Amino acid sequence: MYSLHGVGVGATAENAYLALVERGPMTAFELANSLRVTPQAMSAAVDELAALGLVEPEGSLLVARPPRAALDGVVESRSRELSALRAGIEDLSRFWRDNHVGGADYIEIARTQAARSALVRRIYDEATERVRALTIGYTGRSAQPNTLAPGFREALSRGVTCSVVYGSHVLRDRSAREAVQASVDLGERARVFPDVPLNMAICDDRFALVCPPASDWDRRHHIVVQRSDLLEALTGIFESFWRIGVPLPAAETADELGTTPTAEVRQLLTYLSGGFTDESIARELGVSERTVGRRITRLQEVLGARTRFQLGVQASRRGWL
């Protein structure tokens, strides 16, 4: 199974590239007909491939280019971004260890639940432009309006932009997933990423509240960071996670969600979420790898997912997992 999903190429673009490699140069019209897609969809797919250097026009024909030179650059760019992100987290961790007892003048420690609650309220009450947050996730929280963060609704009504990156495991807990969806439906901009390392919220560019994971620190202790180089570093960490997170859109109507998945589809999605390879899935289902690939591609088309991670997000939102 040949896959370009990992570099963000959509299913139609991937099929177009594989067709050009296998069958040779074709016009966009011929390619669209062979794949049974609309000219508009093929145009968008060609644009995706051209942006990555995988396809170039030669007269009226589209020609596939060798993938390694083009995609090695993409992989290297993402590796540098992730390395920089990890380095920033390490620097932040060292800074915390050095300062959490005494503290610099721009560092405060909130040691009680009351102090923490007051700070969360301040974030939404005092924000004039935006609130940005990283959230490892929560479980057991219902989607009822009265469980939303104090001041959240009011902030949205004032035009404050609320952007949150959640740890992707919230998608595997129904009550947590419903709570996230309730916030999104009210206007929150949400994304998910597999490995969010800490809880953090930034009020405009003025101050941040950082909550270390419970496994490392007592949850009653939280760090308040005022304007400083550290606050700028925290903002940079958020922006890095935001760039690589997968968007979580508002819920569609019941008519837009499609039919209830079959037991076989649920089983396929379960294997995917468990990290099984296509070969392992094929063995478990008793089909060929090519069949597994076709089924995954079809699911991506149905759910509007460009990558397998997005497929898992969309399936979780619909309660298919």
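Everything quoted here is computed from the prediction, not taken from an experiment.

## Structural notes on the nonpolar core
In terms of nonpolar packing, the biggest core is built from 31 residues, with Ile-123, Tyr-124, Val-131, Cys-162, Tyr-166 and Leu-209 touching the most fellow members. When near neighbours in sequence (up to four residues on either side) are disregarded, Tyr-124 contacts Val-131, Ala-149, Pro-150, Gly-151, Phe-152, Ala-155, Arg-158 and Cys-162. Within the second largest apolar cluster, 22 residues are counted, among which are Ile-223, Leu-231, Phe-238 and Phe-241.

## Some thoughts on helix α5 (residues 113-126)
Residues separated by three or four positions in an α-helix point in the same direction, a consequence of the helix having 3.6 residues per turn. End to end, α5 covers 20 Å across 14 residues, agreeing with the expected 20 Å (1.5 Å per residue, within 8%). Of the residues making up α5, those classed as buried are Leu-119, Val-120, Ile-123 and Tyr-124. Seen end-on, α5 carries its buried residues on one side only, within an arc spanning 130°.

## Considerations on the sheet that holds strand β5 (residues 161-167)
Spatial ordering of the open sheet is given by β3-β9-β8-β7-β4-β5-β6-β10, a layout of eight strands whose pairing is mixed. Both outer strands of the open sheet, β3 (107-110) and β10 (246-248), are each paired with one neighbouring strand and no more. This sheet shows a mean twist of 20° between the axes of neighbouring strands, independent of strand direction.

## Details of helix α10 (residues 278-285)
Taken together, the buried positions of α10 are occupied by Asp-278, Ser-280, Ile-281, Ala-282 and Leu-285. Looking one or two residues past α10, Gly-286 carries a phi angle of roughly 75°, positive in sign.

## Brief notes about the environment of Arg-86
Within the secondary structure layout, Arg-86 lies in helix α4 (residues 67-99). Along the sequence, Arg-86 and Ile-237 sit 151 residues apart, while their C-alpha atoms lie 9.2 Å from each other.

## With respect to the pattern of salt bridges
For the coordinates displayed, the defined rule picks out twelve salt bridges. Ionic pairing is found between Glu-239 and Arg-132, a salt bridge with its closest N-O pair at 3.3 Å. Of this pair, Glu-239 sits in helix α8 (residues 229-244) while Arg-132 sits in strand β4 (residues 130-135), and the two are 107 residues apart along the sequence. With a relative accessible area of 26%, Glu-239 lands in the partly exposed category. Across the pair Asp-204 and Arg-206 runs a salt bridge whose closest N-O atoms are separated by 3.8 Å. By sharing partners, the salt bridges in this structure join Arg-122, Glu-126, Asp-204 and Arg-206 into a single network.

## A short note on the packing of aromatic side chains
This structure, assessed with the given rule, holds three aromatic pairs. Ring geometry for Phe-238 against Trp-242: centres 5.8 Å apart, planes inclined by 25°, an arrangement best described as stacked. With Phe-238 and Trp-242 both in helix α8 and four residues apart, this pair spans about one turn of that helix. Residue Phe-238 shares its accessibility class with Trp-242, and that shared class is buried.

## Overview of the packing of α10 against helix α11 (residues 289-303)
One can describe the packing of α10 onto α11 by two numbers: an axis separation of 8 Å at closest approach and a directional angle of 100°. Considered as vectors, α10 and α11 are oriented roughly perpendicular to each other. Between α10, through Asp-278, Glu-279, Ile-281, Ala-282 and Leu-285, and α11, the contact on the second element is made entirely by Glu-289, Val-292, Arg-295 and Ile-296. Along the lines of polarity and charge, the residues of the contact of α10 with α11 split into five nonpolar, no polar and four charged.

## Regarding the confidence of the model for the protein
Low-confidence regions, as indicated by low pLDDT, have predicted coordinates that should not be scrutinised in detail. Per-residue confidence for the protein gives a mean pLDDT of 80; residues scoring 70 or more make up 82%. Mean pLDDT values over the elements of the protein span from 72, in β10, up to 94, in β4. Contacts of residues 139-146 to residues separated by more than four positions or lying in other chains number 19 contacts, the stretch itself having pLDDT below 50. Contacts from residues 252-257, a stretch scored under 50 in pLDDT, to residues over four places away or in other chains number five contacts.

## A look at the packing of helix α1 (residues 11-23) against helix α2 (residues 28-35)
Relative to each other, α1 and α2 sit at 110°, their axes nearing to 10 Å. As judged from the angle between their axes, α1 and α2 are roughly perpendicular. Residues Thr-12, Asn-15, Ala-16, Ala-19, Leu-20 and Arg-23 of α1 form the contact with α2, whose own contacting residues are Leu-31, Ser-34 and Leu-35. Of the residues assigned to the contact of α1 with α2, the class counts are five nonpolar, three polar and one charged.

## Let's talk about the pairing of β5
Taking burial as the measure, the seven residues of β5 include six buried ones, the bulk of the element. Across six bridges, the pairing between β4 and β5 is parallel. Paired with Ala-133 across the bridge in β5 is Val-164. Relative to strand β6 (residues 189-193), β5 runs parallel, the two sharing five bridges. Paired with Gly-167 across the strands is Phe-193, a residue of β6.

## Considerations on the pairing of strand β8 (residues 207-211)
Residues in a regular strand project their side chains so that they alternate between the two faces of the sheet. Within β8, five of the five residues are buried, which leaves the element mostly enclosed by the surrounding structure. Between the end of strand β7 (residues 199-203) and the start of β8, which pair antiparallel, lie three residues, with Asp-204 showing a positive phi angle near 50°. With four bridges joining them, β8 and strand β9 (residues 222-226) adopt antiparallel strand pairing. Each bridged residue has a counterpart across the sheet, and for Ala-208 the counterpart in β9 is Val-225.

Cut-offs applied
Residues numbered from 1 in each chain as written. Predicted model: local features only at pLDDT ≥ 70, side-chain atom pairs only at ≥ 80, totals over all residues. Heavy atoms only, no water. Core = buried A, V, L, I, M, F, W, Y, C linked by side-chain atoms within 4.5 Å. Buried < 20%, exposed > 50% of the residue type's maximum accessible area, 1.4 Å probe, protein only. Contact = heavy atoms within 4.5 Å. Helix = DSSP H or I, 4+ residues; strand = E, 2+ residues; numbered from the N terminus. Expected span 1.5 Å × (residues − 1). Arc of directions from axis to C-beta. Pairing = 2+ DSSP bridges. Axes fitted to C-alpha atoms, helices over the stretch in contact; angles between N-to-C directions. Salt bridge = Lys/Arg side-chain N within 4 Å of Asp/Glu carboxyl O. Phe/Tyr/Trp six-rings, centres within 6.5 Å; stacked < 30°, edge-to-face > 60°. Parallel < 35°, antiparallel > 145°, perpendicular 65-115°, else oblique. Nonpolar A, V, L, I, M, F, W, Y, C, P; charged D, E, K, R; others polar. pLDDT = per-residue confidence, 0-100.

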